[in-house]
Amino acid sequence: MATPVVGQRLSRVDARRKVTGAATYSAEHRVEGLLYGVIVNGTVARGTVSRISVDAARAHPGVLHVLTDFSSLRLAHPVDRIAFYGQPIAVVVAETLEAATHGATLVEATYERQDAVTDLDAPGIPSQTPADEPDYSRGDPAGALASAQVKVDLELTSARENHNPIELPSTIARWQGGQLTLWDKTQWSQGAARTVAGALGIAVGDVRVHNEFIGGGFGSGIQTYDHVMLAAFAAREVGSPVKIVLTRRQFYYGAGFRPASRHRIALGSSTAGRVSALTYDVRIENARYQSYTDGLTDLPQFLYGVPNTRTAYRVTPVDVHSPCSMRGPGVVLGNFALETAMDQLAHELAVDPVELRLRNEPTQDEVNQIPFSTRKLRECYETGARRFGWSRRNAEPGSRTDGDLLIGMGMATASYHNNRRDCSARARIHADGTAEVFAASADMGPGTTTSVMQVAADALGLPASAVTFRLGDSSYPTAPLHAAATTMASVGSAAHTTCNALRAEFIRRAVADPNSPLHGANPADVQVRDGQLETSGARDSYRDILRRAGLPSLDITGNWGPGDADSKISTYGYGAVFAEVSVDPLLGLVRVRRIFAAYDVGRVISPKLAHSQAIGGMVGGIGMALLEGTVTDHRDGRIVNASLADYLVPVNADVPDLDAAFINTEDPQADPIGVKGLGEITIVGVAPAIGNAVFNATGKRLTDLPIRPEALL
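This one's a predicted model, so the numbers in the text were calculated from it and none came from an experiment.

Visitor: Residues and numbers for the pattern of salt bridges, please.
Guide: Counted by the stated rule, this structure contains 36 salt bridges. A salt bridge links D121 to R283, with the shortest nitrogen-to-oxygen separation between them at 3.4 Å. Taken as a pair, D121 in the loop between β5 (108–113) and β6 (136–138) and R283 in strand β15 (residues 275–287) lie far apart in primary sequence, 162 residues in all. E161 is the partner of R258 in a salt bridge, and the nearest nitrogen-oxygen pair spans 3.0 Å. Taken together, the residues R258 in strand β13 (residues 257–258) and E161 in strand β8 (residues 161–162) connect sequence positions 97 residues apart. The class for R258 is buried, based on a relative accessible area of 3%.

This is the structure in structure tokens:
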């Protein structure tokens, strides 16, 4: 029997192209007659442009056009007034990037300023309950909390975080007649096509988006931002292709961010460690012009078996650009509040933090009153604790040292909903026996091109070398956004279903063909290995079937969707994250020494890539816990640290011994390939595990992210 391709530790199929420069990213496509556009950003948080002077810019050598009238565009924010600092007010188009860049500095604007508020904590700003995040309650939370034997009540904060992938937002727009082609750094080509079509007032079918290679996204490429529409608009206005690439500083104004948040969480427990009550209130910053929410209340409602639970979600509209998803959106912050409170409760009860969580394991999803598909969280705790060496932890804070350093261990639970969405795929087998699978998905780094290929290869009975997965084109079969841990369960399942159907069609043709060695065989008895169809010693092949039919290829388009599965089963990924830190008590400096996590994410398609995903999530969690925070000058909304020189992200020196393991399990109730999403869960749990380790090292319960040295002095 042939060795399955799924489960093999393959390297990325596009790795060589990426490391040798052969991979072409959005800004690198060669388009004849290309001009360069540079956006001019407004410098007030709220108001209108009363006068804009463009004569000096137009006179600059190489500058061809300066566009200032965007009234024909339908954008997410108003175009007749300024809604946030950095809002585009002009686009300079030139023969060279240098000319366009300098020309943009020559545009001068005068504003009629209006009073603006950019501070989430400014007094007197009313908060709102978003329509998609209503208040939730079960049992009697207030009564249970009042009568609890042990109580924990914490207030926590997190700073705004900005995206900083390597590739900057970039778009090339070209019109040919009424047809628009975009090469865009987007995580959702078909979503971008719809948004651009709506902004320009044209048919969706007239827009084609290419995004084969993406240099990191983490949520910044889900929405389609102004620069994309402006590139298309400018190209139409000037009659030539236009490229716009945001600078790093413009990235902070021109794309969304993880919003700052404020939390209050209270737990009530018996002295035996049974949590009877939980209340959780959270508030995040929002734009005035557009509401944004994500799943902050998900895990506080769901993760533990707490019979009396209440959550309330609020948004505070201020004069800022709209937030957006960032890895582990919402869930990672709600989990930070929950897991910090659970650790504090374990300390007050003098119960091991792992044991406390085990005592509060639910038997079903208490939010929806449905069974779990799989929940191997106990195995995650056991595997993680054993391999990390949790038994060596001293529960007394500040009791372990290494020279002058304080050493601490902490842990936290991780979880994330297993998102699956309707998806289509097309599978094709060529006369030479090779196969291609197509879907309008994307690959911003997790290795989708490789892992979907592995699924398709097994379904078709072909070796990995014979199968190619094609993605990154909005004209391909419909696929969901490449985000929210959705891709493998959705696109992988569609590829699996479609390739099974194509294999079955070849078998049907063979057994019905009098000229086939398999003529008359029972289709159920036919096996396919390395492109060979076999049963009872008889053998045919994909190549021969196509040759006899005179066909250069044969393809099938198929669909897969979860249907109403989420109303019947609760399917989540789970994990247990363990961290060890050192703290210098004189400097307040926290250093992560090591992190280990164990995950239940269903069937692992590509172990090498899954481990890479886990390490990447941990790095992001280190940034959230210790480094990342956007600083705003609230006088005008300007971001002070809008550069990689000033906005701190983890570097190699911050990333020590990181490792992960995966529990051997599948989730066949969730999808036909038995997977659960992996991309988001790997950052969930990291920040609270680090914070809890800092508490174990110092005895100081820190509740503000990022953890700053001054908080420990």
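Visitor: Talk me through the sheet that holds strand β11 (residues 207–210); I want residue IDs and the actual numbers.
Guide: Note on sheets: strands pair through backbone hydrogen bonds, and any given pair is parallel or antiparallel. The strand order β3-β4-β1-β12-β9-β10-β11 describes an open sheet built from seven strands, whose pairing is mixed. Looking at strand neighbours, the two that pair on one side only are β3 (63–67) and β11, the edges of this open sheet. Averaged over neighbouring strand pairs, the angle between their axes works out to 20° when direction is ignored. Here strand β10 (residues 179–184) runs beside β11; their pairing, made up of four bridges, is parallel. Across the sheet, L182 pairs through a bridge with V209, a residue of β11. Contacting β1 (35–41), β3 and β4 (88–94), helix α3 (residues 97–105) runs over the sheet at an angle of about 20° to β1. Against the sheet, helix α6 (residues 226–238) engages β1, β3, β4, β9 (170–176), β10 and β12 (242–245), with an angle of about 35° to β9.

Visitor: Requested: an account of the sheet that holds strand β17 (residues 401–402), with residues and values cited.
Guide: In spatial order, the strands read β17-β18-β26-β27-β30; together these five strands make up an open sheet with mixed pairing. Edge positions in the sheet fall to β17 and β30 (657–662), since each has one partner strand and no second. Summarising the sheet, strand β18 (residues 405–417) and strand β26 (residues 572–584) pair through twelve bridges and their orientation is antiparallel. Bridge pairing links M409 to E580 in β26. Along the sheet, helix α11 (residues 377–388) contacts β18, β26, β27 (589–600) and β30; its crossing angle with β26, the most-contacted strand, is approximately 30°.

Visitor: Talk me through the side chain of T665; I want residue IDs and the actual numbers.
Guide: Relative to the elements of secondary structure, T665 occurs in the loop between β30 and α16 (686–698). Take T665: its relative accessible area is 9%, and that puts it in the buried class. The residues contacting T665, other than those within four sequence positions of it, are T374, K376, D600, G602 and R603.

Visitor: A description of the packing of aromatic side chains should follow, citing residues and the corresponding values.
Guide: In total, this model carries 13 aromatic pairs according to the counting rule given. By the ring-pair criterion, three or more aromatic residues cluster together here, those being F302, F372, Y572 and Y574. The ring of F438 has R426 lying over it, and the distance from NZ or CZ to the ring centre is 4.8 Å. Sitting above the plane of the F388 ring, R594 keeps its charged end 3.9 Å from the centroid.

Visitor: Describe in detail the packing of helix α12 (residues 448–460) against helix α13 (residues 487–512), supporting the description with residues and values.
Guide: Two elements in contact, α12 and α13, have axes whose closest approach is 8 Å; the angle formed by their N-to-C orientations is 30°. With respect to each other, α12 and α13 are oriented roughly parallel. Considering only the axes of α12 and α13, their crossing is right-handed. In this structure, α12 uses T448, S451, V452, V455, A456, A459 and L460 to contact α13, whose residues at the interface are T487, M488, V491, G492, A495, H496, C499, N500, L502 and R503. When the residues that make up the contact of α12 with α13 are grouped by side-chain class, the tally is ten nonpolar, six polar and one charged.

Visitor: Account for the nonpolar core, with residues named and values stated.
Guide: I595, Y599, M618, L626 and I690 are the most contacted members of the largest nonpolar core, which totals 94 residues. Ranked by the residues each element gives to this core, the list is headed by helix α9 (residues 331–349), at eleven residues. Aside from chain neighbours lying at most four places away, what touches L626 is V590, V592, I690, P706 and I707.

Visitor: Kindly report on the environment of R288, identifying the contributing residues and their values.
Guide: Looking at the secondary structure, you find R288 in the loop between β15 and α8 (298–302). For R288 and V320, which are 32 residues apart along the polypeptide, the C-alpha to C-alpha distance reads 7.4 Å. Beyond its immediate stretch of four places on either side in the chain, R288 contacts R46, V117, P317, V318 and D319. Reaching out from R288, the side chain makes a polar contact with the side chain of D319 at a distance of 2.6 Å.

Visitor: Describe in detail α9, supporting the description with residues and values.
Guide: The first and last C-alpha atoms of α9 sit 26 Å apart over 19 residues, in line with the 27 Å expected at 1.5 Å per residue. Among the 19 residues of α9, 17 are classified as buried, and the element is accordingly described as predominantly covered.

Visitor: Go over unusual backbone geometry with me, naming the residues and quoting the values.
Guide: Geometrically, the link from L705 to P706 is a cis peptide bond, its omega value of 0° lying close to zero. On the secondary structure map, P706 appears in the segment after β31 (704–705). The backbone of A350 sits at a positive phi, close to 60°, despite the residue not being glycine. Looking at the secondary structure, you find A350 in the loop between α9 and α10 (353–359). Despite not being glycine, A485 has its phi angle at roughly 55°, a positive value. If you trace the backbone, A485 turns up in the loop between β21 (467–470) and α13. For A485, a relative accessible area of 12% corresponds to the buried category.

Calculation notes
Residues numbered from 1 in each chain as written. Predicted model: local features only at pLDDT ≥ 70, side-chain atom pairs only at ≥ 80, totals over all residues. Heavy atoms only, no water. Salt bridge = Lys/Arg side-chain N within 4 Å of Asp/Glu carboxyl O. Helix = DSSP H or I, 4+ residues; strand = E, 2+ residues; numbered from the N terminus. Buried < 20%, exposed > 50% of the residue type's maximum accessible area, 1.4 Å probe, protein only. Pairing = 2+ DSSP bridges. Axes fitted to C-alpha atoms, helices over the stretch in contact; angles between N-to-C directions. Contact = heavy atoms within 4.5 Å. Phe/Tyr/Trp six-rings, centres within 6.5 Å; stacked < 30°, edge-to-face > 60°. Lys NZ or Arg CZ within 6 Å of the ring centre and 35° of its normal. Parallel < 35°, antiparallel > 145°, perpendicular 65-115°, else oblique. Left-handed = near helix turned anticlockwise from the far one by under 90°. Nonpolar A, V, L, I, M, F, W, Y, C, P; charged D, E, K, R; others polar. Core = buried A, V, L, I, M, F, W, Y, C linked by side-chain atoms within 4.5 Å. Polar contact = N/O pair within 3.5 Å; in protein donor to acceptor, adjacent residues only side chain to side chain. Expected span 1.5 Å × (residues − 1).

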